Amino acid sequence: MKKVLIAFAAIAASMFLAVSCGSKVDHSSAKAVVESFLNAVNDGNVDAMIECLDMTDYAKEADTIRKNAEKYCERKKGTIHDIKVESEPDSMDWLDYEYVDDKGDLTGSLQVTKVDGKWYIVVRSTGLNN
């Protein structure tokens with residue numbers, strides 16, 4: 001019985017670590033998904049980056065987007081600090097953000113859209129499809 005409990009505890013701990021590692025993606029608001037995207041970039045988590053994107057019209061370009069996201073993460077991983085995202089848009093709109101990285105204070109803008117009640121980033125606004 002003791003061995004079964006130890007095995008169960010080991011499995012539970014492994015599952016907890018697998019779930020808790022990496023960036024979490026929040027689709028509840030435009031601001032949240034942009035913050036999730038930037039945090040995923042900073043963590044080097046390509047899967048989370050792509051989860052933030054509305055890939056509806058980009059199935060054929062998925063490989064290119066993934067490769068470009070990997071390259072982008074290589075350059076930006078661990079360099080983004082103090083993310084500040086502007087107020088919430090009402091619909092498909094551009095969301096401005098500010099952040100500090102190794103080069104200083106920078107700004108950017110990403111277009112967001114709502115799909116089936118969840119917020120996503122429009123792929124073309126990231127430049128990852130080029």
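Residues numbered from 1 in each chain as written. Predicted model: local features only at pLDDT ≥ 70, side-chain atom pairs only at ≥ 80, totals over all residues. Heavy atoms only, no water.

Participant: Report on the packing of aromatic side chains, specifying residues and quantitative values.
Facilitator: Following the criterion strictly, the structure yields 1 aromatic pair and no others. Summarising the aromatic geometry, the rings of Tyr 97 and Tyr 99 are spaced 5.9 Å apart at their centres and angled 25 degrees between planes, so their arrangement reads as stacked. The exposure class of Tyr 99 is buried, given its relative accessible area of 9%. (Phe/Tyr/Trp six-rings, centres within 6.5 Å; stacked < 30°, edge-to-face > 60°. Buried < 20%, exposed > 50% of the residue type's maximum accessible area, 1.4 Å probe, protein only.)

Participant: Give me the lowdown on the environment of Cys 73, citing residues and values where you can.
Facilitator: Its place among the elements puts Cys 73 in helix α4 (residues 62-76). Separated by 30 residues in sequence, Cys 73 and Asp 43 place their C-alpha atoms 8.0 Å apart. With near-sequence residues (within four places) excluded, Cys 73 lies in contact with Ala 40, Val 41, Gly 44, Asn 45, Val 46 and Met 49. (Helix = DSSP H or I, 4+ residues; strand = E, 2+ residues; numbered from the N terminus. Contact = heavy atoms within 4.5 Å.)

Participant: Got a sec to walk through unusual backbone geometry? Specific residues and values, please.
Facilitator: Phi at Asp 82 takes a positive value of approximately 50 degrees, unusual for a residue other than glycine. Turning to its location among the elements, Asp 82 is positioned in strand β2 (residues 81-85). Residue Asp 82 is classed as exposed on the basis of its relative accessible area, which comes to 57%. Of note in this structure, Asp 116 is not a glycine but carries a positive phi near 50 degrees. Mapped onto the elements of the fold, Asp 116 is located in the loop between β4 (104-115) and β5 (118-122).

Participant: Explain helix α2 (residues 30-43) to me, using residue names and the numbers behind them.
Facilitator: Look at α2: 20 Å from first C-alpha to last across 14 residues, which is about the 20 Å you get at 1.5 Å a residue. Counting buried residues in α2 gives 10 out of 14 residues, a clear majority hidden from the surface. For α2, every residue scored as buried is listed here: Ala 30, Ala 32, Val 33, Val 34, Ser 36, Phe 37, Leu 38, Ala 40, Val 41 and Asn 42. (Expected span 1.5 Å × (residues − 1).)

Participant: Describe the pattern of salt bridges, naming the residues involved and giving the relevant values.
Facilitator: Taken as a whole, this structure holds 2 salt bridges when the rule is applied. Notably, a salt bridge pairs Asp 47 with Arg 66, separated by 2.7 Å at the nearest N-O pair. Highlighted residues: Asp 47 in helix α3 (residues 46-51) and Arg 66 in helix α4, separated in sequence by 19 residues. The partner of Lys 76 in a salt bridge is Asp 101, with the nearest N and O atoms 2.9 Å apart. Note that Lys 76 is positioned in helix α4 and Asp 101 in strand β3 (residues 93-101), a separation of 25 residues in sequence. In this pair, the class of Lys 76 matches that of Asp 101, namely buried. (Salt bridge = Lys/Arg side-chain N within 4 Å of Asp/Glu carboxyl O.)

Participant: I'd love a proper account of the pairing of β3, names of residues and values included.
Facilitator: Sheet analysis places β2 next to β3, joined by 3 bridges and oriented antiparallel. Bridging across to β3, Val 85 finds its partner in Tyr 97. (Pairing = 2+ DSSP bridges.)

Participant: Talk me through the layout of surface pockets; I want residue IDs and the actual numbers.
Facilitator: Considered as a void within the structure, the largest pocket measures approximately 190 Å³ in volume. In terms of lining, the largest pocket is formed by 15 residues, of which the most central are Tyr 72, Arg 75, Thr 126, Gly 127 and Leu 128. It is α4 that provides the largest number of residues to the lining of the largest pocket, a total of 4 residues. Looking at the lining of the largest pocket, its residues break down into 7 nonpolar, 6 polar and 2 charged. (1 Å grid on protein atoms, 1.4 Å probe; cavity = no way out; pocket = protein on both sides within 12 Å on 5 of 7 lines; lining within 4 Å. Points joined across faces, edges and corners; volume = space filled by probe spheres on them. Nonpolar A, V, L, I, M, F, W, Y, C, P; charged D, E, K, R; others polar.)

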